[in-house]
Each structure stands twice: as structure tokens, then as C-alpha cells.
Amino acid sequence: MKNKETWFPAKENGLGWGKPTTWQGWLVLSLYLFVLCLISILVDPKEALMAWAFWVVCDTFVLLLICYLKGEPPSWKWKPIEKEKRKWFK
């Protein structure tokens, strides 16, 4: 079901979304990481842990919402992994 409008394809194994396939998806992911760093700079988790956790949860919720809206529908997929692909070092 991959088409031009899909920013985040469903994972081949497991539940959720994989790597972004478009520049818009990469932009959303990099903005998420940037905002996460900004939150950690502006709100010190050592002093205000609950405030920091609140903003991190809000940021993550926005990312998941965008993945849900612009990605493939997430569904559980389980495929056996071939023996050759299981090797850590080739």
C-alpha cells in the first residue's frame, strides 16, 4: 500500500511504522528530535521532572498523530527472519 502520500510505511515485522520514505517524513522526524532537545534544554529534568515528562509526552503524541495520519495503517505483522539476515556481522 505504499504510495506517494505515505510518509511513514508500516514496519515489515512487528507493530508500528518504519523509517520515513519522503522528505516530509524526515522533516517531521528531525523536528521531533529538535523539539525534544529543546525541551531538555529549556526544562531541566533534574529540577522539574513532571513538567519535562509532560512536554516530552506532548511532543511524542504529536509525532504519533502525524504518523497515524500520514502513514500506513499499523497492524501486527510477523514474518520469520531468514537465517542469513539474522547475522549481526556479515
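This write-up is about the structure you can find in this document. (Residues numbered from 1 in each chain as written. Predicted model: local features only at pLDDT ≥ 70, side-chain atom pairs only at ≥ 80, totals over all residues. Heavy atoms only, no water.)

Quick word on the nonpolar core
With 6 residues, the main nonpolar core is built from Trp-7, Phe-8, Val-28, Tyr-32, Leu-63 and Cys-67. For this core, the elements supplying multiple residues, two or more each, are α1 (23–42) and α2 (49–70). For Phe-8, the contacting residues outside a window of four places in its chain are Trp-17, Gly-18, Pro-20, Gly-25, Val-28, Ile-66, Cys-67, Lys-70, Gly-71 and Glu-72. (Core = buried A, V, L, I, M, F, W, Y, C linked by side-chain atoms within 4.5 Å. Buried < 20%, exposed > 50% of the residue type's maximum accessible area, 1.4 Å probe, protein only. Helix = DSSP H or I, 4+ residues; strand = E, 2+ residues; numbered from the N terminus. Contact = heavy atoms within 4.5 Å.)

Regarding α2
With 22 residues, α2 extends 31 Å from end C-alpha to end C-alpha; this agrees with the ideal 32 Å at 1.5 Å per step. Those residues of α2 lying buried are Val-56, Asp-59, Leu-63 and Cys-67. Looking straight down α2, one finds its buried side chains confined to an arc of 85°; they lie on one side. More than 90 degrees from the buried face of α2, the exposed residues found are Met-50, Val-57, Phe-61, Tyr-68 and Leu-69. On its buried face, α2 is in contact with α1. (Expected span 1.5 Å × (residues − 1). Arc of directions from axis to C-beta.)

Description of α1
Between the first and last C-alpha of α1 there are 28 Å, a value that for 20 residues agrees with the 28 Å anticipated at 1.5 Å per step. Where the residues of α1 are buried, they touch α2.

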